[in-house]
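For reference, the chains in residue letters:
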Amino acid sequence: MEKRIDRRQFLRTIPGIVAGLSISMPEKRIQAEEKKSRSLVIYHLTGGISPWESFTPFPDTANADYRGPSASIQTQMGVRIAEYFPRTAEVLHETSLIRSLHSESSDHFLSARNMLKPDGGSTFGVRHGEKLATGGFPYSILFMPSIYQPMDAFDFPQAFRFDWNEQEKRFPPPNLQPQNGLQERAALLKQLDTFTTDNPRIQAHQRSTELALSLLMGGGSLQKTFNIPEADLQRYGDSVVGRGAALTSRLATSGGGVTILYNEEGSGFDAHSNIHERMQSLCPQADKALAELIRDSRRLGFVLLCTSEFGRTKKINGSAGRDHDGVHFAIGAGGRFKRGEVYGSLDKYGEIRDGKVPNKDLMNTVLEACNVDIAPQLPRVREILQ
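Note that the structure is predicted; figures quoted are calculated from it, not measured.

*Asks:* For this particular structure, what's the right way to read the confidence of the model for the protein chain?
*Replies:* Low pLDDT means the predicted atomic positions in that stretch should not be read closely. Mean pLDDT over the protein chain stands at 86; residues scoring 70 or higher make up 84%. Ignoring residues within four places in sequence, the model shows residues 1-5, a span with pLDDT below 50, making 17 contacts including any to other chains. Per-residue pLDDT stays below 50 along residues 7-34; that stretch engages in 44 contacts with residues further than four places along the chain or on separate chains.

*Asks:* Sorry, what's going on with helix H12 (residues 240-253) here?
*Replies:* Note: α-helices contain 3.6 residues per turn, so residues at a spacing of three or four share the same orientation. Across its 14 residues, H12 extends 20 Å between first and last C-alpha, which sits within 8% of the 20 Å expected from 1.5 Å per residue. Burial within H12 is extensive, with 13 of its 14 residues counted as buried.

*Asks:* Any chance you could explain the pattern of salt bridges here in plain terms?
*Replies:* Side chains carrying opposite charge are able to pair once their charged atoms draw close together. This model, assessed by the stated rule, comprises 22 salt bridges. Residues glutamate 94 and arginine 339 are paired through a salt bridge, measuring 2.6 Å at the closest nitrogen-oxygen approach. You can see glutamate 94 sitting in the loop between helix H5 (86-91) and strand E4 (95-102) and its partner arginine 339 sitting in the loop between strand E11 (327-333) and strand E12 (341-343), a full 245 residues away along the chain. One continuous salt-bridge network, built from bridges that share partners, spans Glu90, Asp232, Arg235, Glu292, Arg295, Asp296 and Arg299.

*Asks:* What's the story with the nonpolar core in this structure? I'm lost.
*Replies:* Soluble globular proteins tend to pack their nonpolar side chains together in the buried interior. Counting residues in hydrophobic clusters, the biggest one holds 53 residues, and the most contacted among them are Tyr43 and Leu304. Broken down by element, the residue count for this core peaks at 10 residues, all from helix H13 (residues 275-300). Non-local contacts of tyrosine 43, meaning those with residues more than four positions away in its chain, are made with Val241, Leu261, Asn263, Ala286, Ala289, Leu290, Leu293, Leu304, Leu305, Cys306 and Thr307. Grouped together as the second largest cluster of nonpolar side chains are 37 residues, Leu101, Phe124, Ile260 and Phe337 included.

*Asks:* Mind showing me how you'd approach the environment of glutamine 285 here?
*Replies:* Summarising the element assignment, glutamine 285 is placed in helix H13. Taking C-alpha positions, glutamine 285 is 9.4 Å from aspartate 238, a pair spaced 47 residues apart along the chain. For glutamine 285, the contacting residues outside a window of four places in its chain are Ser239 and Val241.

*Asks:* Is there a simple way to explain the pairing of E11 in this structure?
*Replies:* Within a regular strand, side chains alternate between the sheet's two faces. The element E11 is extensively covered by neighbouring structure, given that seven of its seven residues are classed as buried. Judged by which residues are buried, E11 turns out to be covered on both faces: Val327, Phe329, Ile331 and Ala333 on one side and His328, Ala330 and Gly332 on the other are all buried. Bridging between E4 and E11 involves six bridges; their strand directions are antiparallel. Among the inter-strand pairings, serine 96 is bridged to a residue of E11, identified as glycine 332. In this structure, strand E8 (residues 303-307) lies alongside E11, joined through four bridges in antiparallel fashion. In the sheet register, cysteine 306 faces E11, and the bridge partner there is isoleucine 331.

*Asks:* What is the right way to read the packing of H12 against H13 from this model?
*Replies:* Packed helices, taken two at a time, are described by the angle their axes make and the gap between the axes. Contact geometry for H12 and H13: axes closest at 9 Å, N-to-C directions at 15 degrees. When the interaxial angle is binned, H12 and H13 end up roughly parallel. Seen from above, H12 lies across H13 with right-handed handedness. Of H13, the residues touching H12 (which contributes Val241, Ala245, Ser249 and Thr253) are Gln285, Ala286, Ala289, Leu293, Asp296 and Leu300.

Cut-offs applied
- Residues numbered from 1 in each chain as written.
- Predicted model: local features only at pLDDT ≥ 70, side-chain atom pairs only at ≥ 80, totals over all residues.
- Heavy atoms only, no water.
- pLDDT = per-residue confidence, 0-100.
- Contact = heavy atoms within 4.5 Å.
- Helix = DSSP H or I, 4+ residues; strand = E, 2+ residues; numbered from the N terminus.
- Expected span 1.5 Å × (residues − 1).
- Buried < 20%, exposed > 50% of the residue type's maximum accessible area, 1.4 Å probe, protein only.
- Salt bridge = Lys/Arg side-chain N within 4 Å of Asp/Glu carboxyl O.
- Core = buried A, V, L, I, M, F, W, Y, C linked by side-chain atoms within 4.5 Å.
- Pairing = 2+ DSSP bridges.
- Axes fitted to C-alpha atoms, helices over the stretch in contact; angles between N-to-C directions.
- Parallel < 35°, antiparallel > 145°, perpendicular 65-115°, else oblique.
- Left-handed = near helix turned anticlockwise from the far one by under 90°.

Set out below in structure tokens:
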């Protein structure tokens, strides 16, 4: 989908650009920059990935009706996860894990809405992308080829949507139209603004200005973000999921606000039948992508959330799959998320024993991890925040 950027709209939605154009910055503003907001990446395992076949597996000694055919593996975090995620197991100790996330609904669309737009307003990315962006795309979504229509909770029409191009074997950049007269104005600004500084916060504002002007003039700097280096492809994998995750990381570190990797490749993780075969097919790429996103969140400074809209039933059904259920999980890394923290526990039947976190409250915790101030009375999981 092509999306033309209007100059006034862009300047209105990117915070800090106008401030970055000024020659000097009051000391009070410099001090305020000490508390820097972080870009957010959401890796959404769409379809309702099974927690029992991912990050909250039943013990290997559990009844086969609950455990299913898969085994579990140990992590440095001290918890066991499903065998389908060996690469993530190596870095899970860099994250916080909520094992007791809960959706009141077993409907894909309603569950996603409760998480991303609990008050019925605009979705999380639309509302907060502007606050978290520093010159990049405020809200963008990378959409895998899927047999399903995207869930409306993500407000796709309000985002910069990047779809996989099978012919080019990549997520191509947007076709941005240069704005008339801006090139001359930018050249004049460069001549007039000769102020230089070693202050990293002022330099960050200057970079935001350069990125914004570049985007308005056709996206020169941001277009380069879509050229994924070979080293990144080696790490993430040269696949649809791997290229999507690598680009997601690059968009976040290029000043993006909220960037979503919407992983519903094919029929996604909605495994009502043959769940073992489905996980064997989808997880190698998802595991590699998640492990590298965790590493990049710590190394490059963005916040990562990995979750799904809900979970799946505790017992295997008659078709060797699992149906919809409320209990699921969330993984947070980077920003103010603690390392090696596990929150919530389940009993031997997979029911939440303590620390229940409703879907509608999850994003409060994520915002605080991004250093965004939220109302003190709003519920959040303080135990996993620094």
